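# Remarks on the overall topology
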Amino acid sequence: MAASLTEGLLTFWHSCRIHFFVALFAIFVVARVYRTIQPKSKTASASSIPSSPRSQSPGKAEKEKLGDTKPQTTEKKDVQAPANNETATKPASGPKRVSGKKPLKVAGRRRGSDQGTPLSFIQPIVFYASLTATTERYAQVLMEDLRAAAQKQADPEDRERGILPPKLEDLSYIDFDDYFTTAPQPPANSPGTRYMYCLLIPTYNIDTVLNTFLGHLEETHHDFRIDTGSLSTLAGFSVFGFGDKEGWPTEEEGFCSQAKELDRWMAKLTGRKRAYPLGLGDVKSDAESALKEWSQGLQEILSDIVKNGSLGEGVPGSGDALESDEEDVDDSSDEGKPKNRKKAQTVVDLEDIKMSADPQGGSGAPIPVDFTTGGKEPTPNSQSTGKEMVPKTSPTYAALTKQGYTIVGSHSGVKICRWTKSALRGRGSCYKYSFYGIRSHLCMEATPSLSCSNKCIFCWRHGTNPVGTTWRWKVDSPELIFQGVKEGHYKKIKMMRGVPGVRAERFAEAMRIRHCALSLVGEPIFYPHINEFLEMLHAEHISSFLVCNAQHPDQLENLKRVTQLYVSIDASNRESLRKIDRPLHRDFWERFQRCLDILREKRHVQRTVFRLTLVKGFNVDDEVIGYANLVEKALPCFVEIKGVTYCGTSTSAGAGLTMQNVPFYEEIAAFVVALNKELERRGLKYGIAAEHAHSCCVLIASERFHVNGKWHSRIDYDRFFELLEKEKADGTSFTPEDYMRETEEWAQWGNGGFDPNDERVYKKGKNKAIQPAEPAETEPAEALDF
């Protein structure tokens, strides 16, 4: 059977093999002919598309996008790899096709750029930082020059190319991530728009927002999650620095050192797109003339970019990728580096960071690495540093004293409140009197730390105070601060004795401080010896009202007893908090949440308060649920809801805040009612306890303070100090309910909250009138003084 099958197959092969070979040969010939006549472009389109923009040379990618040459196949026999960013002069597919004119170079072709749209418009943005308003004035001069250049360069017949009117941004009031982590995206209706950064920077020998800014650029460059050329889509950048040669005669000694450092970091982040060399000006001699000369050169570069489509090639300082690696050379040596910045640490593997002593002779202490992302911050001591936070010769000192602050030591301050002045004249106290019984003329407003870790848009200080995430300054003793703030406060009170309307009895009472509001400016809890300072206040029976911004959980956890503990709750979600408080910590939301947990733990030991500052357009609309979530998390004793106060300055507008963001009292009241209903719906025991319409403020209180049908939001201060001394003597603990007092009837919800013993001043336009206080429901809405 098997033999017959084999014989049959052999017979079939011998009879058909000729036909099989003929058919196979025909298929082979047809395939060769088909490949010969197939168009090259179709083959290339299927085989030569790179997996990413980095898989082909910049020159080749650019020309393919502009249609200057035919795409070429990836076969080695057809084309050779271009050298030095030049395309092959003679590809195998045939001679190069000439389009008739040289195409414009595409902006953003360097590393990190993935944009193929040809450049059409240049949008200059002028960034500046200024404490004394000098640099701000020069920034306005540059703005006028660039605006004139834009008008002069504009061609009525060419509406598709040109220089746009410049924009002005204060570094103190922007979010660095919006401009300096990645470049802004061009408008959807103008994809060919490219941004030109013009940075005007003074140099200070104190901690200012410039230190934070330069630190941000450095972190961005070294962040492995971010492209090292994250700003390479910019059309270019240029830096001009202002310095004082009387203080620093030469660049080696620090003249314009921060401007030089900024120029270096911007070169790294943009792929060396330095549009015009670094300009330097001495504020005591040639600053304005040097700025004019630099501005003229910058304008010429802007015109060239619009004309040619990019910075150009082969020009020193043009930013071309082929220029010298000057910045890389700077990294390998200390020559030319600013003197006031910390020397970069050697890169160390985490396995090498040990607590034990280094056998090679290193110290036994761990390497101090500040990631500003959690963990306990180092507690400073007197040996930590001799640097002062606010030296008397600094612009910060001059700016704060001009605003009415008395600077105590090197980092503390005191200032008389406008409500103190009002109470001395019998024109009413602030909402703290209505809610808690604090008479404003007996209250001192002070802070042991002028530094803060936030840059809130509604801050009255407008960036004049120092900023930082960790304490790195000289530490003054609590005794020095305590005596200094008292002396400063009494001196301010004495200056009021000649003011018309000051009541003699209240002036006499004001010479005995009874309360201390630790808010003012900066972050009081940031001061390393805050507990010792509080003990000094309490020893003289001065109550303590401490306000913190929920960014320092370790200090909050270690805080000892205060009369009342505030936490500023300026937003109900992460994004709103970032926009409103503009925190410096990268893990600001995690710090915020941890502070709420700590507040929940302290609620039976401290009188805890949420302070909600409502900013219309930022944190009012549709955020009731979010705020209710935070209240449910921390369960504070009280929730203060207050409208933002607008100072009416240009710097506030620069931060995005105008009178349009100030809510009316009716809007505050509506928000409070909605929040209270949401808390009731969740079964949380809260209610609306008091109001102070004049301050646009309402108080929601826990029902722990609702006794016998009446609210008890006020404080029995004598009882507080009695309990505090007993606790110190024998360890007997006490709760917030142990020193509460009944809320006055005129302060309760629906009664306005203005003390009937005082006289209310109504202001409208230039007309002023003094009238006895009236119930809130009869007051016209427009009479409220925000």
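The following paragraphs examine the structure supplied in this document. As the structure is a prediction and not an experimental result, all values here were calculated from the model.

### Section: the overall build of the protein
- If you tally the helices and strands in the protein, you get 22 helices and 22 strands.
- Considering the protein as a whole, with its 786 residues, one finds that 51% of them fall into the buried category.
- At a minimum sequence separation of 6, the contacts of the protein that also span at least 24 residues come to 77%.
- Of the roughly 38,800 Å² of accessible surface on the protein, 53% is carried by carbon and sulfur atoms.

### Digging into the sheet that holds strand 16 (residues 697-702)
- The mixed open sheet is built from ten strands, whose spatial order is 7-8-9-10-11-12-13-14-16-15. For this open sheet the edge positions go to strand 7 (406-408) and strand 15 (686-692), each flanked by a neighbour on one side alone. Ignoring strand direction, the axes of neighbouring strands in this sheet form an average angle of 25°.
- The sheet contact formed by strand 11 (residues 543-548) and strand 12 (residues 564-568) spans four bridges and is parallel. Its bridge partner lying in strand 12, L546 is registered against L565.

### Focus on the environment of L699
- On the secondary structure map, L699 appears in strand 16.
- Judged by its relative accessible area of 0%, L699 falls in the buried class.
- In contact with L699, other than residues within four places in its own chain, are F435, Y436, F638, V639, E640, G687, I688, A689, A690 and S713.

### With respect to the packing of aromatic side chains
- According to the stated counting rule, one finds 27 aromatic pairs in the structure shown.
- Considering the side-chain rings of Y436 and F638, the 6.0 Å spacing of their centres and the 70° angle between planes classify their relative orientation as edge-to-face. Placement of Y436 in helix 12 (residues 431-436) and of F638 in strand 14 (residues 638-643) is noted, with a sequence separation of 202 residues between them. Side by side, Y436 and F638 carry an identical accessibility label, which is buried.
- Every member of this aromatic cluster is reached through a ring pair, and the members are Y431, F435, Y436, F545, Y566, F638 and F705.
- The aromatic ring of Y138 is capped on one face by R137, whose charged end is 4.7 Å from the ring centroid.
- Positioned above the aromatic ring of Y566, the side-chain terminus of R611 is 5.0 Å from the ring centre.

### Thoughts on the packing of helix 18 (residues 588-602) against helix 19 (residues 624-634)
- Direction vectors running N to C along helix 18 and helix 19 enclose 45°, while the axes themselves pass 7 Å from each other. With respect to each other, helix 18 and helix 19 are oriented oblique. Residue-level contacts link F592, Q593, L596, D597, L599 and R600 of helix 18 to L630, E632, K633 and A634 of helix 19.
- Broken down by class, the residue content of the contact of helix 18 with helix 19 amounts to five nonpolar, one polar and four charged.

### Comments concerning the pairing of strand 13 (residues 608-614)
- Burial analysis of strand 13 places seven of its seven residues in the buried class, the great majority of the element.
- Here strand 13 shows two buried faces, one formed by T608, F610, L612 and L614 and the other by V609, R611 and T613.
- In terms of strand pairing, strand 12 meets strand 13 through four bridges, oriented parallel. Along strand 13, the bridge assignment pairs L565 with T608.
- Of the pairings in the sheet, the one linking strand 13 to strand 14 comprises six bridges and is parallel in character. By the bridge assignment for strand 14, R611 is matched with E640.

### Concerning the pattern of salt bridges
- If you walk through the whole model with that rule in mind, you get 29 salt bridges.
- The closest approach of N and O atoms between E667 and K616, which form a salt bridge, is 3.2 Å. Within this pair, whereas E667 is found in helix 21 (residues 665-681), its partner K616 is found in the loop between strand 13 and helix 19, the two being separated by 51 residues in sequence.
- Between R704 and E737 there is a salt bridge; the shortest N-O distance is 2.7 Å. Here R704 is found in the loop between strand 16 and strand 17 (706-707), whereas its partner E737 is found in the loop between helix 22 (717-730) and strand 20 (740-741), with 33 residues between them in sequence.
- Linked by salt bridges that have partners in common, E632, E678, R681 and R682 make up one network.

### Digging into helix 19
- Taken together, the buried positions of helix 19 are V624, G626, Y627, A628, L630, V631 and A634.
- Looking one or two places after helix 19, you find L635, whose phi comes out positive at around 50°.

### Remarks on the packing of helix 6 (residues 209-222) against helix 7 (residues 257-270)
- The N-to-C vectors of helix 6 and helix 7 enclose an angle of 25°; their axes lie 10 Å apart at closest approach. Classified by the interaxial angle, the pair formed by helix 6 and helix 7 is roughly parallel. Regarding helix 6 and helix 7, the two cross each other, and that crossing is left-handed. Contact residues: helix 6 offers L210, N211, F213, L214, L217, E218, T220, H221 and H222, while helix 7 offers Q258, E261, L262, W265, M266, K268 and L269.

### Considering unusual backbone geometry
- We note that R582 has phi near 45°; this positive angle belongs to a residue other than glycine.
- Looking at the secondary structure, you find R582 in the loop between helix 17 (574-581) and helix 18.
- Under the relative-accessibility criterion, R582 is labelled buried at 6%.
- One non-glycine residue with positive phi stands out, namely C696, at about 55°.

### Here's the deal with a nonpolar patch on the surface
- There is a patch of nonpolar side chains on the surface, built from L10, W13, F20, F21 and L24 and spanning about 540 Å² of accessible area.
- Mapping F21 onto the fold places it in helix 1 (residues 2-37).

### Quick word on the nonpolar core
- Counting 79 residues, the largest nonpolar core has F610, I641 and L675 as the members making the most contacts within it.
- Among the elements that make up this core, the one with the highest residue count is helix 18 (seven residues).
- Contacts of F610, omitting those with residues within four sequence positions, involve V567, I569, L596, L599, L630, V631, A634, P636, F638, V639 and E640.
- Membership of the second largest hydrophobic core comes to 33 residues, among which are Y179, L210, V239 and F255.

### Structural notes on the environment of R591
- If you trace the backbone, R591 turns up in helix 18.
- Of the residues examined, R591 reaches a relative accessible area of 6% and is grouped as buried.
- For the pair R591 and H552, spaced 39 residues apart in sequence, the C-alpha to C-alpha distance is 6.8 Å.
- Of note is the side chain of R591, whose polar atom sits 2.9 Å from the backbone oxygen of Q551.

Procedures and definitions
Residues numbered from 1 in each chain as written. Predicted model: local features only at pLDDT ≥ 70, side-chain atom pairs only at ≥ 80, totals over all residues. Heavy atoms only, no water. Helix = DSSP H or I, 4+ residues; strand = E, 2+ residues; numbered from the N terminus. Buried < 20%, exposed > 50% of the residue type's maximum accessible area, 1.4 Å probe, protein only. Contact = heavy atoms within 4.5 Å. Areas by Shrake-Rupley, 256 points an atom, 1.4 Å probe, with all protein chains shown as cover. Pairing = 2+ DSSP bridges. Axes fitted to C-alpha atoms, helices over the stretch in contact; angles between N-to-C directions. Phe/Tyr/Trp six-rings, centres within 6.5 Å; stacked < 30°, edge-to-face > 60°. Lys NZ or Arg CZ within 6 Å of the ring centre and 35° of its normal. Parallel < 35°, antiparallel > 145°, perpendicular 65-115°, else oblique. Nonpolar A, V, L, I, M, F, W, Y, C, P; charged D, E, K, R; others polar. Salt bridge = Lys/Arg side-chain N within 4 Å of Asp/Glu carboxyl O. Left-handed = near helix turned anticlockwise from the far one by under 90°. Patch = residues over 30% accessible without salt bridge, like charges linked within 9 Å, V, L, I, M, F, W, Y side chains within 5 Å. Core = buried A, V, L, I, M, F, W, Y, C linked by side-chain atoms within 4.5 Å. Polar contact = N/O pair within 3.5 Å; in protein donor to acceptor, adjacent residues only side chain to side chain.

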